[in-house]
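Each chain, written out:
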Amino acid sequence: MIKASKDDQTTGQEILIANQEQIHFQKLVEIISAQLHVNSPRHFISIRLLKCLLQWKWLAKKIDLSTEMLNFLRTETLDLNTFKQLDRTWNTPATDLKKTIENNAIWVSQHQV
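Residues numbered from 1 in each chain as written. Predicted model: local features only at pLDDT ≥ 70, side-chain atom pairs only at ≥ 80, totals over all residues. Heavy atoms only, no water.

Next up on the list: the overall build of the protein chain. Along the protein chain, the regular secondary structure elements total 7 helices and 0 strands. Secondary structure elements in the protein chain, listed N-terminal to C-terminal, are α-α-α-α-α-α-α. A compact globule built from 113 residues should have a C-alpha radius of gyration of about 13 Å, whereas the protein chain, at 18 Å, is more than 25% larger. Dimensions of the protein chain along its principal axes, counting C-alpha atoms only, are 50 × 30 × 25 Å. Per element, the accessible surface of the protein chain, about 9800 Å² overall, is 55% carbon and sulfur. Taking the average place of the 14 positive charges on the side chains of the protein chain and the average place of its 12 negative ones, the gap between the two points comes to 8 Å. (Helix = DSSP H or I, 4+ residues; strand = E, 2+ residues; numbered from the N terminus. Rg over C-alpha atoms; globule rule 2.2 N^0.38 Å. Areas by Shrake-Rupley, 256 points an atom, 1.4 Å probe, with all protein chains shown as cover. Lys, Arg positive; Asp, Glu negative; His and termini not counted. Charge placed at Lys NZ, Arg CZ, Asp CG, Glu CD.)

Listed below in structure tokens is the structure:
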């Protein structure tokens, strides 16, 4: 982020900081579940169907979800061309995405209120 703030190419632009490796949501849930020592879900439903189901207020309350929460889930494939170009320019070190997710899951589980 420091490099982005000092780069003239990025002045006045929104920049998505991403990892070149992309993990599907189901795999993400499996990684987090393994770190928390819980079983990951075996079945998934589409976000579109879930949005329809959450229109029933009693169900939304029962599963503690809202349609607004689903807006944060991104399902499209990210165009990483600009990111890759900036990544080469800034010489950003590679990260192990799986390890980073595991470490985040551990930290969150240890710091729950």
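Right, picking up where we left off after that structure.
Moving on, we come to the environment of Ala 105. Mapped onto the elements of the fold, Ala 105 is located in helix 7 (residues 97–110). In this structure, the C-alpha to C-alpha distance between Ala 105 and Ala 34, residues 71 residues apart in sequence, is 9.5 Å.

For the structure shown, the criterion picks out 2 aromatic pairs. The interplanar angle of 80° and the centroid separation of 6.4 Å between the aromatic rings of Phe 25 and Phe 44 together place this pair among those described as edge-to-face. With Phe 25 in helix 2 (residues 25–36) and Phe 44 in the loop between helix 2 and helix 3 (47–53), the pair connects residues that are 19 residues apart, well separated along the chain. Classification of Phe 44 by relative accessible area gives partly exposed; the value is 36%. Aromatic side chains Trp 56 and Trp 58 sit 6.5 Å apart centroid to centroid with 10° between the ring planes, which places their arrangement in the stacked category. (Phe/Tyr/Trp six-rings, centres within 6.5 Å; stacked < 30°, edge-to-face > 60°. Buried < 20%, exposed > 50% of the residue type's maximum accessible area, 1.4 Å probe, protein only.)

Among the residues making up helix 6 (residues 81–90), those that are buried are Phe 83, Leu 86, Asp 87 and Trp 90. For helix 6, the buried positions fall inside an angular range of 105° around the axis, keeping them on one side. For helix 6, the exposed residues lying more than 90 degrees away from the buried face are Asn 81 and Arg 88. Packing partners of the buried residues in helix 6 comprise helix 1 (2–6). Just past helix 6, the residue Asn 91 takes up positive phi, approximately 55°. (Arc of directions from axis to C-beta. Contact = heavy atoms within 4.5 Å.)

Contact pair helix 2 / helix 7: the axes reach a minimum separation of 9 Å and the direction vectors enclose 50°. Classified by the angle between their axes, helix 2 and helix 7 sit oblique to one another. Of the two elements, helix 2 crosses helix 7, and the hand of that crossing is right-handed. Seen from helix 2, the contacting residues are Leu 28, Ile 31, Ile 32, Gln 35 and Leu 36; seen from helix 7, they are Lys 98, Ile 101, Glu 102, Ala 105, Ile 106 and Ser 109. (Axes fitted to C-alpha atoms, helices over the stretch in contact; angles between N-to-C directions. Parallel < 35°, antiparallel > 145°, perpendicular 65-115°, else oblique. Left-handed = near helix turned anticlockwise from the far one by under 90°.)

To continue, consider the layout of surface pockets. There is about 1100 Å³ of room inside the largest pocket. Around the largest pocket, the lining comprises 28 residues; the ones closest to its centre are Ile 23, His 24, Phe 25, Leu 28 and Arg 74. Of all the secondary structure elements, the ones that give two or more residues to the lining of the largest pocket are helix 2, helix 3 and helix 7. Residue composition of the lining of the largest pocket, by class: 16 nonpolar, 9 polar and 3 charged. In this model, the second largest pocket occupies a volume close to 330 Å³. Looking at the second largest pocket, it is lined by 14 residues, and the ones nearest its centre are Ala 18, Phe 83, Asp 87, Thr 92 and Pro 93. Taken together, the elements giving at least two residues each to the lining of the second largest pocket come down to helix 1 and helix 6. Considering each element in turn, the lining of the second largest pocket owes the most residues, 3 residues, to helix 6. (1 Å grid on protein atoms, 1.4 Å probe; cavity = no way out; pocket = protein on both sides within 12 Å on 5 of 7 lines; lining within 4 Å. Points joined across faces, edges and corners; volume = space filled by probe spheres on them. Nonpolar A, V, L, I, M, F, W, Y, C, P; charged D, E, K, R; others polar.)

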